[in-house]
Amino acid sequence: MSIRLTTCLLLMALTPVAAAFERGPLPERGYAGVAVVNDVLGVQLELANPVGSVWVMVGGHLDVPGSASFERGRQTAFVGGFRFFSGGGGLRSSWYASGVIGTLEVDTRREDGDRKAYQRLGWGGTLGYQFLRGRFRSHVGLGAAYLEPYTADDDTRVSRDYIPLIEAGLSISF
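Enquirer: Any chance you could explain empty space enclosed by the protein here in plain terms?
Expert: Sizing a probe to match a water molecule and rolling it over the atoms shows the empty space that remains. In total, this model carries 1 cavity of 30 Å³ or more according to the counting rule given. Volume-wise, the largest cavity comes out at about 50 Å³. Every residue lining the largest cavity is listed: Tyr 31, Ala 32, Gly 33, Val 34, Gln 44, Glu 46, Arg 137, His 139, Gly 169, Leu 170 and Ser 171. Counting only elements with at least two residues in the lining of the largest cavity, the list comes to strand S1 (29-37), strand S2 (40-48), strand S7 (136-147) and strand S10 (162-173). Its residues assigned to classes, the lining of the largest cavity comprises 4 nonpolar, 5 polar and 2 charged.

In structure tokens:
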């Protein structure tokens with residue numbers, strides 16, 4: 001493919017993006033609060049506009065049945081993602097589709113008589129709804145994630161898994 005053709009195709013692809021910016025800047029709102037994604041509980045920061053949002057959460061894995069994260073010092077977790085709101089409703093109560101990536105699970109195994117934990121990265125998506133009342137916002141979503149494979153200390157290869165995703169949060173705008 002020639003450079004001219006590539007440049008023309010790139011310009012044609014960016015034309016709708018440029019047209020969107022000609023309307024002026026979109027109103028934005030920041031949120032800070034607490035959220036939970038599966039067994040990860042933490043502080044969430046989000047920057048939203050009517051079309052979508054970007055968010056990040058830093059926290060820790062909860063001590064839930066089957067979780068041994070506290071035994072290996074791997075309790076710190078992060079999750080991030082983006083949301084696209086239906087009908088440009090990012091600054092009002094509306095449905096959303098979300099992409100999620102982060103440390104979504106701690107897998108436990110018995111090796112050499114000890115229980116060991118492996119923190120697993122994963123990515124997935126959710127469908128959810130956000131409720132806005134004044135400066136307060138809450139959201140809840142359900143979806144699925146795909147986890148990375150890992151090799152245990154005893155050279156056992158654990159392949160990828162699918163897990164359900166449950167996300168919820170409560171935040172305030174700033």
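And the narrative resumes.
Enquirer: Before we go on, may I ask you to explain the packing of aromatic side chains in this structure?
Expert: Think of a pair of aromatic rings as described by two things: how far the centres are apart, and how the planes are tilted against each other in angle. If you walk through the whole model with that rule in mind, you get 6 aromatic pairs. Feature note: the residues Trp 95, Tyr 129 and Phe 131 constitute an aromatic cluster, connected by ring pairs. Residue placement shows Arg 83 over the ring face of Tyr 96; its charged tip is 5.0 Å from the ring centre. Note that Arg 137 overlies the ring of Tyr 31, its terminal NZ or CZ placed 5.3 Å from the centroid.

Reading the values: rules and limits
Residues numbered from 1 in each chain as written. Predicted model: local features only at pLDDT ≥ 70, side-chain atom pairs only at ≥ 80, totals over all residues. Heavy atoms only, no water. 1 Å grid on protein atoms, 1.4 Å probe; cavity = no way out; pocket = protein on both sides within 12 Å on 5 of 7 lines; lining within 4 Å. Points joined across faces, edges and corners; volume = space filled by probe spheres on them. Helix = DSSP H or I, 4+ residues; strand = E, 2+ residues; numbered from the N terminus. Nonpolar A, V, L, I, M, F, W, Y, C, P; charged D, E, K, R; others polar. Phe/Tyr/Trp six-rings, centres within 6.5 Å; stacked < 30°, edge-to-face > 60°. Lys NZ or Arg CZ within 6 Å of the ring centre and 35° of its normal.

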